[in-house]
Amino acid sequence: MGVNNIRIVKNGPILADGPVDITLPDGSHVRSDRFVVAICTCRRSASYPLCDTSHRRKGTLA
């Protein structure tokens, strides 16, 4: 099994080479089969934990 690449974008999401399976604090899972997956770090996304670029509309992260 290969190693997935993870990139942290300043004032943006975490980009992970997909597919990914994300485990949330409540134990639930979100899976994405995309080639590159944007993971929200600002928690403004309507599709959290996946990024929907809401951080762009609201300005930079606090």
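Residues numbered from 1 in each chain as written. Predicted model: local features only at pLDDT ≥ 70, side-chain atom pairs only at ≥ 80, totals over all residues. Heavy atoms only, no water.

Taking an unreviewed UniProt entry as the reference, the protein chain is identified by name as CDGSH iron-sulfur domain-containing protein belonging to Antrihabitans spumae.

Enquirer: Looking at this model, I keep getting lost on the pattern of salt bridges. Mind explaining?
Expert: Working definition: two side chains of opposite charge can pair if their charged atoms are close together. Scanning all chains against the criterion turns up 2 salt bridges. For the salt bridge of Asp-17 with Arg-7, the shortest nitrogen-to-oxygen distance reads 3.4 Å. Remark: Arg-7 occurs in strand β1 (residues 6–8) and Asp-17 occurs in strand β2 (residues 14–17); sequence separation between them is 10 residues. Taking the relative accessible area as the measure of exposure, Asp-17 reaches 24% and is therefore partly exposed. Put simply, Arg-31 and Asp-33 hold a salt bridge, and the shortest N to O gap is 3.1 Å. Residue Arg-31 is classed as exposed on the basis of its relative accessible area, which comes to 52%. On the basis of relative accessibility, which here comes to 59%, the residue Asp-33 falls in the exposed class. (Salt bridge = Lys/Arg side-chain N within 4 Å of Asp/Glu carboxyl O. Helix = DSSP H or I, 4+ residues; strand = E, 2+ residues; numbered from the N terminus. Buried < 20%, exposed > 50% of the residue type's maximum accessible area, 1.4 Å probe, protein only.)

Enquirer: Got a minute to help me understand the sheet that holds β1 in this structure?
Expert: Either a parallel or an antiparallel arrangement is found when strands of a sheet pair, and the pairing is made through backbone hydrogen bonds. Spatial strand order, β1-β2-β5: 3 strands in an open sheet with antiparallel pairing. Where the open sheet ends on each side, the last strands, each with one partner, are β1 and β5 (36–39). Ignoring strand direction, the axes of neighbouring strands in this sheet form an average angle of 20 degrees. Of the pairings in the sheet, the one linking β2 to β5 comprises 4 bridges and is antiparallel in character. Bridge pairing links Leu-15 to Ala-38 in β5. (Pairing = 2+ DSSP bridges. Axes fitted to C-alpha atoms, helices over the stretch in contact; angles between N-to-C directions.)

Enquirer: Sorry if this is basic, but what is going on with unusual backbone geometry here?
Expert: Most of the time, phi is negative for any residue but glycine, and the peptide bond is trans. Omega for the bond connecting Gly-18 with Pro-19 falls within 30 degrees of zero, at 0 degrees, which places this linkage in the cis form. Relative to the assigned elements, Pro-19 resides in the loop between β2 and β3 (20–23). For the peptide bond that leads from Tyr-48 to Pro-49, omega is 15 degrees, which places it in the cis range. On the secondary structure map, Pro-49 appears in the loop between β5 and α1 (54–57).

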